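# Fold and contact review
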Amino acid sequence: MALFSFYYSVSRSDFLEILGITLGLTAIALAWVLVRVLKRLRPLTAWIAGARNSEQTVEAWHRAVNLPIELIRKDFFFPILVTLVTVVAAMVVLGLSWLAFFPITIASLLAVAYAATLHYLALELAMRPILFDINAALDRPVRIDRPVVPLRVKLLGSLPLINVITGVVVAALTADGGGTDALGINVLIALFVSFTVSFELTVLLTRSILRPVEDLEAATERIRQGRFDEHVPVTTSDEFGELSSAFNQMVDGLAEREQLREAFGAYLDEEVAAHLIREDFEPGGQEVEVSLVFLDVRDFTIAAAEAEAPEVVARLNELFECIVPIVARHRGHVDQFVGDAVLAVFGAPERVHRHADRAVQCAVELARTINSRRPGGFEVGIGVNTGNVVVGSIGGAGRFSFSVIGDAVNLCARVESATRETGDPVLITGRRARSSPRRSRWSRAASGRSGDTTGRSSCLHRWSRSRSRPVRART
């Protein structure tokens, strides 16, 4: 209205009449838009009031972050309608020709667009504090695959508009009346200058800002795919250059951590690694009942003395490559590689149902597979035991090993040693046999009521009542 008065000679009464119509319609439009916006903000209001479960938090985030663009999309019609009605009212009050409708409308809509841009940017700033709180309460960070309003649109839309408004204001302040003709010419000149001279600078500025951002987006996508061998090109010496340099340093750090993680997974059982990185992991020890399988290579000392060190290591690795998948298939994990021996644990750190049976089944399969295929040229003896052990992180001075300790482990190793005396590939303790829900089947086999019991191929030669006395298992 102030700029309008520079182009038209308006009496005080006419000016106040047009101003009253404008302010009245604007107040009605603002009230109506506020009612609509408050309805859309109910999830956000409820979240601020304390309704903060996962779904409500995500909904509040969407409402807060999309409020500026929703205001433009759903409510921009109302200021346009007010503008059109006000222009018509001004023409009627002043008795202007209908041709005056077009320059006045264009100039007025430019002002509305400028106001809309201010509202959008102001709302973005206003929502930032609440969005910080909402993001802190989210169970997982929100991922945006596609921006609703790209930065390119913001820059190419707002910067030329600012120049147009500036040109219109300057032209109005320097105009000496002129009415509709002067207003139309000034608007056209402002549009022409803004979209020729200043638009080129706007495009260059936009590219200067967006190119580093696009490089960072591409690099972020590569990192999301697990590619840590590429860096962002540092092409400017401003804040974006500093950000790109910091990003490259972060990539180098992530690459080092990925190498450590891969090494961690290679030198530590996957199940144990997953247990260690869980949030509820407690480094202190705890006593649990587990089943143990101890496997040792027979006549390893002789084989090692007859071969070179690289050959010995290669043969052992061939053997262990056969052992580890079998143990994992029975839901156990390799606790230790002790030279040519292997200790496998069933029931810790993950609690496994019927871990005693799983240990026996695993031992039988290991003996059958290894002693028939002879990976690395080795044969093995296997001891199986069930008992209470202490499970936890053992070590000090920053060096720890997640392992099991206790008499049950020592007994299992002694049972394996007994296979050299009995000649059996697998021996189990009476404690382990008694822990099996299939004890009746083992007992029938031991008494000759089930299967062949005449030789060492029988399921069980005898039932041992002694905790330390071994029982033979068929392979």
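Before going into details, it helps to say that this report is about the structure given with it.

Definitions and limits used
Residues numbered from 1 in each chain as written. Predicted model: local features only at pLDDT ≥ 70, side-chain atom pairs only at ≥ 80, totals over all residues. Heavy atoms only, no water. Helix = DSSP H or I, 4+ residues; strand = E, 2+ residues; numbered from the N terminus. Buried < 20%, exposed > 50% of the residue type's maximum accessible area, 1.4 Å probe, protein only. Contact = heavy atoms within 4.5 Å. Pairing = 2+ DSSP bridges. Axes fitted to C-alpha atoms, helices over the stretch in contact; angles between N-to-C directions. Left-handed = near helix turned anticlockwise from the far one by under 90°. Nonpolar A, V, L, I, M, F, W, Y, C, P; charged D, E, K, R; others polar. Phe/Tyr/Trp six-rings, centres within 6.5 Å; stacked < 30°, edge-to-face > 60°. Patch = residues over 30% accessible without salt bridge, like charges linked within 9 Å, V, L, I, M, F, W, Y side chains within 5 Å. Areas by Shrake-Rupley, 256 points an atom, 1.4 Å probe, with all protein chains shown as cover. Salt bridge = Lys/Arg side-chain N within 4 Å of Asp/Glu carboxyl O. Core = buried A, V, L, I, M, F, W, Y, C linked by side-chain atoms within 4.5 Å. Expected span 1.5 Å × (residues − 1). 1 Å grid on protein atoms, 1.4 Å probe; cavity = no way out; pocket = protein on both sides within 12 Å on 5 of 7 lines; lining within 4 Å. Points joined across faces, edges and corners; volume = space filled by probe spheres on them.

Before going further, it helps to spend a moment on the overall build of the protein. The helix and strand tally for the protein stands at 16 helices and 7 strands. Counting every position in the protein, which comprises 475 residues, the buried fraction comes to 39%. Put simply, 71% of the contacts in the protein that link residues at least 6 apart link residues at least 24 apart.

Attention now moves to the pairing of strand β2 (residues 333–338). As judged from the 5 bridges shared by β2 and strand β3 (residues 341–346), these two strands associate in the antiparallel manner. Bridge assignment links phenylalanine 337 to a residue of β3, and that residue is valine 342. The antiparallel pairing of β2 with β3 creates a hairpin that spans 2 residues between the two strands, and glycine 339 there sits at a positive phi of about 65°.

What follows concerns the packing of helix α3 (residues 42–49) against helix α6 (residues 101–137). The N-to-C vectors of α3 and α6 enclose an angle of 65°; their axes lie 12 Å apart at closest approach. Handedness of the crossing formed by α3 with α6: left-handed. Residues Leu44, Trp47 and Ile48 of α3 form the contact with α6, whose participating residues are Met127, Ile130, Asp133, Ile134 and Ala137. Looking at the contact of α3 with α6 residue by residue, the classes come out as 7 nonpolar, no polar and 1 charged.

The tally for this structure, following the rule as stated, stands at 6 aromatic pairs. Centre to centre, the rings of phenylalanine 300 and phenylalanine 378 are 5.9 Å apart; their planes meet at 50°, and the pair counts as tilted. Pair noted here: phenylalanine 300 is in helix α11 (residues 300–305) and phenylalanine 378 is in the loop between α13 (355–373) and β4 (380–396), with a separation of 78 residues, a long-range link. Comparing phenylalanine 300 with phenylalanine 378, the two get one shared label, buried. Considering the side-chain rings of phenylalanine 320 and phenylalanine 337, the 4.7 Å spacing of their centres and the 45° angle between planes classify their relative orientation as tilted. Of this pair, phenylalanine 320 sits in helix α12 (residues 309–329) while phenylalanine 337 sits in strand β2; the two residues are 17 residues apart in sequence, bridging distant segments of the chain. Using a relative accessible area of 44% as the deciding quantity, one classes phenylalanine 337 as partly exposed. Ring-pair connections join several aromatic residues into one group, and the members of that group are Trp32, Phe77 and Phe78.

A grouping of Ile185, Ile189, Phe192, Val193 and Val197 is seen on the molecular surface, where their side chains present a nonpolar patch of about 500 Å² in accessible area. Of note, phenylalanine 192 is situated in helix α8 (residues 179–224).

Counting residues in hydrophobic clusters, the biggest one holds 32 residues, and the most contacted among them are Val293, Ile323, Leu366, Ile382 and Val384. Elements represented by at least two residues in this core include exactly β1 (286–297), α11, α12, β3, α13, β4 and β6 (426–429). If sequence neighbours within four positions are ignored, isoleucine 323 has contacts with Leu295, Val342, Leu366 and Ile370. Residues Leu110, Leu161, Ala171 and Ala172 belong to the second largest nonpolar core, which totals 21 residues.

Turning our attention to helix α5 (residues 77–94). In an α-helix, one full turn covers 3.6 residues, which means residues spaced three or four apart are oriented alike. Taking 1.5 Å of rise per residue, the 18 residues of α5 would be expected to cover 26 Å, and the 26 Å separating its terminal C-alpha atoms lies within 8% of that figure. Of the residues one or two after α5, glycine 95 is the one with positive phi, at around 65°.

Our focus in this paragraph is the pattern of salt bridges. Enumeration according to the criterion identifies 10 salt bridges in this entry. Where arginine 354 meets aspartate 357, a salt bridge forms, and the shortest distance between an N and an O atom there is 3.4 Å. A relative accessible area of 5% places aspartate 357 in the buried class. Note that glutamate 416 and arginine 420 form a salt bridge whose closest N and O atoms lie 3.0 Å from each other. One end of the pair is glutamate 416 and the other is arginine 420, both in helix α14 (residues 407–422) and 4 residues apart, which spans about a single turn. Overall, glutamate 416 belongs to the buried group, its relative accessible area being 1%.

What follows covers the pairing of β1. Burial analysis of β1 places 9 of its 12 residues in the buried class, which makes it a mostly covered element. Alignment of β1 against β3, held across 6 bridges, turns out to be antiparallel. Within β3, the residue paired with serine 291 across the bridge is phenylalanine 346.

The next thing to look at is α12. Counted at 1.5 Å a residue, the expected span for α12 with its 21 residues is 30 Å, and the 31 Å between its end C-alpha atoms agrees. Arginine 331 occupies a position one or two residues after α12 and carries a positive phi of about 65°.

Another aspect to go through is unusual backbone geometry. Although it is not a glycine, aspartate 299 sits at a positive phi angle of roughly 55°. If you trace the backbone, aspartate 299 turns up in the loop between β1 and α11. The phi torsion at arginine 374 lies on the positive side, around 55°, for a residue other than glycine. Tracing the chain through its elements places arginine 374 in the loop between α13 and β4. On the basis of relative accessible area, arginine 374 is assigned to the partly exposed category, the value being 37%.

Space inside the largest pocket adds up to approximately 1100 Å³. As for the largest pocket, its lining consists of 36 residues, and the residues nearest its centre are Thr83, Ser108, Ala111, Val112 and Ala115. Mapped onto the lining of the largest pocket, the elements with two or more residues apiece are α1 (4–7), α2 (12–40), α4 (54–75), α5, α6 and α7 (151–174). In terms of residue class, the lining of the largest pocket is made up of 29 nonpolar, 6 polar and 1 charged.

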